[in-house]
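# Results of the structural survey
Read off the chains here:
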Amino acid sequence: SDLIFSNGLVTLFLLVLIIMALAAYVHVKYYVHDKRFMDLASRIPGPRWYPFIGTAYVFDRDVKENMKNIVQLTTVYPNVSRHWIGPLLYICIQDPKDIEKVLSNNSLIWKSDAYDFVKPNLGNGLLTGSGEEWKRHRKVLRPTFSFQILENYLSVFNDKYRILSEVLESEMDKGIIDAYPYLLNCINDVMFGKIKNIYFSLTIYILFSNTRF
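Just so we're clear, the structure is a prediction, and the values are computed from it rather than from any experiment.

Bringing the overall build of the protein chain into the picture now. Tallying secondary structure elements over the protein chain gives ten helices and two strands in all. The secondary structure elements of the protein chain, listed N-terminal to C-terminal, are α-α-α-β-β-α-α-α-α-α-α-α. By residue count, 24% of the 213 residues in the protein chain fall in the buried class. Counting only contacts in the protein chain whose residues sit at least 6 apart along the sequence, the fraction spanning at least 24 positions is 52%.

Turning next to the packing of aromatic side chains. Here the structure, examined in full by the defined rule, presents three aromatic pairs. Ring centres of Y50 and Y57 lie 5.5 Å apart, and the angle between their planes is 65°; this geometry places the pair in the edge-to-face category. Here Y57 falls in the partly exposed class, since its relative accessible area comes to 40%. Aromatic side chains F157 and Y161 sit 5.8 Å apart centroid to centroid with 0° between the ring planes, which places their arrangement in the stacked category. Of this pair, F157 and Y161 both sit in helix α8 (residues 154–170), four residues apart, which is roughly one turn of that helix. Exposure remark for Y161: the relative accessible area of 44% places this residue in the partly exposed category.

This part is about the confidence of the model for the protein chain. Looking at the protein chain, the pLDDT average stands at 77 and 81% of residues meet or exceed 70. The spread of mean pLDDT over the elements of the protein chain runs between helix α10 (residues 198–207), the lowest at 54, and strand β1 (residues 80–85), the highest at 88.

By volume, the second largest pocket amounts to about 230 Å³. A breakdown of the residues in the lining of the second largest pocket according to their chemical character gives five nonpolar, one polar and one charged.

On to the pairing of β1, then. Bridge count between β1 and strand β2 (residues 88–93): six bridges; the pairing is antiparallel. Within the sheet, the bridge partner assigned to H83 lies in β2 and is Y90. Counting the residues in the hairpin turn of β1 and β2 gives two residues, including G86, whose phi is positive at 65°.

Time to look at the packing of α8 against helix α9 (residues 180–191). At a minimum axis separation of 10 Å, α8 and α9 run at an interaxial angle of 160°. Taken together, the axes of α8 and α9 are roughly antiparallel relative to one another. Both α8 and α9 take part in a crossing whose hand is right-handed. Contacts from V156, F157, K160, Y161, L164, V167 and L168 in α8 reach Y182, L183, C186, D189 and V190 in α9. Here the contact of α8 with α9 is built from residues that sort into ten nonpolar, no polar and two charged.

Rules of the game
- Residues numbered from 1 in each chain as written.
- Predicted model: local features only at pLDDT ≥ 70, side-chain atom pairs only at ≥ 80, totals over all residues.
- Heavy atoms only, no water.
- Helix = DSSP H or I, 4+ residues; strand = E, 2+ residues; numbered from the N terminus.
- Buried < 20%, exposed > 50% of the residue type's maximum accessible area, 1.4 Å probe, protein only.
- Contact = heavy atoms within 4.5 Å.
- Phe/Tyr/Trp six-rings, centres within 6.5 Å; stacked < 30°, edge-to-face > 60°.
- pLDDT = per-residue confidence, 0-100.
- 1 Å grid on protein atoms, 1.4 Å probe; cavity = no way out; pocket = protein on both sides within 12 Å on 5 of 7 lines; lining within 4 Å.
- Points joined across faces, edges and corners; volume = space filled by probe spheres on them.
- Nonpolar A, V, L, I, M, F, W, Y, C, P; charged D, E, K, R; others polar.
- Pairing = 2+ DSSP bridges.
- Axes fitted to C-alpha atoms, helices over the stretch in contact; angles between N-to-C directions.
- Parallel < 35°, antiparallel > 145°, perpendicular 65-115°, else oblique.
- Left-handed = near helix turned anticlockwise from the far one by under 90°.

Shown next, in the form of structure tokens:
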């Protein structure tokens, strides 16, 4: 029994030592080595963060509560806010002018790892692709983003999205549902709402498929 107790203490000691080593590594790598980065991030408003967990505590396992927390955060920080998920920093912007600057910047074309979880459903297209792959998709789709083409589809957008909202509202009493089939049906309705515009149908298809060029 003494031997078992001794082995248990050694295992516990090694476990504590490993945890301390990992904590020291994370602290040095993210909070000491990147001190300037941390200083700049601290100037952006956001909820209080804690070592290792960041601001992940503001998110809840329950989907409804999580949405309430997100809405509350957007109210408290209406323009820009920073959020730490562990050692990863996320900047949330809501001002249309800020969003325009980010989206119109040709150098900001690399997606973060946060997009990986939607790639199984959306593929590696314009929404999730990065770098040269994103440029190829954007070049093909550029003619379809003219205001004249989009204006022709406004009535289709309004009609199909109104139907989608009504369908989702009718499903609210069922609790948590898989919204993907409903969204897919809505996309198909929009795609074929006006067959005369082939370019726009191609746009929607590429955005939500694994098509490569």
